[in-house]
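Each chain is listed here by its residues.
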Amino acid sequence: MKKQITLLMAVFSLTAMAQRKCATMDKVHERMANDPAFAEKHKEMMDYIYNPQTPRNVFNRGINQPATVVTIPVVFHVLYANSAQNVTDAQIQTQLDVLNKDYRKLNTDFTAVVPAAFRPFAADMEIVFCKATRTPAGVASTGIVRKQVSASFNMENNYYKTSGDPAWDPSKYLNVWIGNLGSTILGFAYLPGDAPTIGEDGLCINYTAFGTTGTAVAPFNKGRTATHEIGHYFGLDHPWGDGSCNGDDGVADTPATYQEYYNCPTFPSNTYACTSTTNGSMFMNYMDYVDDACMAFFTAGQKAVVQATLSGPRVSLLTSNGCAALGLNDVEAIQAIACYPNPASKYFMISSPQTQIDEVEIFNDLGQLVKTQKLTQVNNEINIESLATGTYYLRIYNQGEFVKSDKIIKK
């Protein structure tokens, strides 16, 4: 009997390790527990990117909405405690290749994995990823940084600290940290605006779930953990949302489910569907929890969310010169200034990735100056909790010279 129990425990352990575990939402809930004000900020940001028909988006989308394929500069931070964890340049390239195929709908397994009933919903996300060719200081780079860490290094909590490797400017680069997250977590990435500090923003991924060769271990050896987690980085939620059928992922073309799918289900499946249908759940979507070989696409609805993210909280990536000099003219640089979320209830952000700004004035609809604030960062938080509901007009300056006007709606 004791042998049987031991065997059952071993089988259970192997099964648990063979199931996808994304810690993104754990990080969100942890921050909500530690910071009561964060929950409302998180909700406002999600409302902003999930509701493209709000007045804010009608007003600003034309300026910031990416209209062509967007290139995202990536820096890979390899944090290894031993030679086995020191993933090779070739393995990093396999991961980059997967991302560029998955986000352009060029993955060769699309037809084999996605049932005919769901193929019309699939979208080319129009995003490509490149290894950074220059550091934030403009020095030539391979886009790969390697650092040996101690055997006791806590990857999950310290990846971005000096004991790990600090982020390159997160407003200009997608930072990817690769290291040992243990036997249960495959990876996590913060949703837009959710990172407790700027330096934490990016993807943290287990070296055993990275790329398609070397240290990658089945069933997570096809690079889809990074595809999934970077979906979170661009604002996408899991299809089951908060786990109740009253709160799914907010995307209309991903059928609502009340929990995740694992392994490789057989189509069609209504096992966790909120409403049973002929086609069942879209478990082969990149944002579910199935094995790498059994996920193969994003939808048009998910693309709309990502586009909204690139219009607001991650707009600075559009003008990054991390891969090559873009030669922005003054008009393009000024247009890149973004204000979000909008409408807002307690705060909004002013992001200016390419133009120096140092002050904003806020006027009510009577033309009265109601608030002035200094701007000291690329991304500046403006508190408007004390202002009455209504429309406000912004004048943005640098060293006393007018740069741009905008407007914000206080709800």
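Everything below is about the structure printed above this text.
Quantities reported herein were computed from a predicted structural model and do not represent experimental measurements.

Caption draft 1: Focus on helix α2 (residues 24–34). Along α2, the residues that are buried comprise T24, M25, K27, V28 and R31. Seen along its axis, α2 keeps its buried residues to an arc of 155°; they face one direction. Seen from the open side of α2, the exposed residues pointing more than 90 degrees away from its buried face are A33 and N34. On its buried face, α2 is in contact with α3 (38–50), α7 (155–158), β5 (187–189) and α8 (224–233).

Caption draft 2: Highlighting the environment of K172. With respect to the helices and strands, the residue K172 is situated in the loop between α7 and β4 (174–179). Each C-alpha atom, one on K172 and one on V315, is 9.4 Å from the other, the two residues being 143 residues apart in sequence. For K172, the contacting residues outside a window of four places in its chain are P73, S316, L317, S320, P353 and Q354.

Caption draft 3: How the structure looks around the packing of aromatic side chains. Evaluation of the coordinates by the stated rule reveals 20 aromatic pairs. Aromatic pair Y262 and Y289: ring centres 5.8 Å apart, planes at 50°, arrangement tilted. Of the two residues, Y262 is situated in the loop between α8 and α9 (300–311) and Y289 in the loop between α8 and α9; the sequence distance between them amounts to 27 residues. Relative accessible area serves as the criterion here: at 23%, Y262 is assigned to the partly exposed category. Following the ring pairs from residue to residue traces out a cluster consisting of Y103, F129, Y233, F234, Y286 and F298. Directly above the ring of Y347 sits K41, whose terminal nitrogen or CZ lies 5.3 Å from the centroid. Its end group placed over the ring of Y233, R314 keeps NZ or CZ at 3.6 Å from the ring centre.

Caption draft 4: A look at the state of the cysteines. In the structure shown here, the tally under the stated rule is three disulfides. Here C130 is linked by a disulfide to C323, with a sulfur-sulfur distance of 1.4 Å. Across the disulfide from C130 to C323, rotation about the S-S bond amounts to roughly 80°, and the bridge is consequently right-handed. Of this pair, C130 sits in strand β2 (residues 127–131) while C323 sits in the loop between α9 and α10 (330–335), placing them 193 residues apart in sequence. Each disulfide pairs two cysteine sulfurs, and for C264 the partner residue is C294, the sulfurs being separated by 1.8 Å. Its torsion about the S-S bond being 90°, the disulfide of C264 and C294 is classed as right-handed. Taken together, the residues span a long stretch of sequence, with C264 in the loop between α8 and α9 and C294 in the loop between α8 and α9 at a distance of 30 residues. When the bonded cysteines of the protein chain are counted from the start of the sequence, the pairing works out to 1-6, 2-4, 3-5.

What counts, and at which threshold
- Each chain carries its own residue numbering, running from 1 in the direction its sequence is written.
- Owing to the predicted nature of the model, reporting of local features is limited to residues with pLDDT of at least 70; listing and counting of side-chain atom pairs is limited to 80 or more, with chain, interface and lining totals taken over all residues.
- Excluding hydrogens and water, the side-chain values take into account all heavy atoms of the structure.
- Type-normalised accessible area, obtained with a 1.4 Å probe on protein chains alone, sets the label of each residue: buried when under 20%, exposed when over 50%, and partly exposed for intermediate values.
- By the criteria applied, helices consist of DSSP H or I runs no shorter than four residues and strands consist of E runs no shorter than two, each listed in order from the N terminus.
- Read the arc as the range of directions from the helix axis to the C-beta atoms.
- Contacts are assigned to residue pairs that have any heavy atoms within 4.5 Å of one another.
- For Phe, Tyr and Trp, rings pair up if their centres lie within 6.5 Å, where Trp contributes its six-membered ring, and each pair is then called stacked (planes under 30 degrees apart), edge-to-face (over 60) or tilted (otherwise).
- Lysine and arginine charges are scored as sitting over a ring when NZ or CZ, respectively, is within 6 Å of the ring centre and within 35 degrees of the ring normal.
- Note on disulfides: each one is a pair of cysteine sulfur atoms within 2.5 Å.

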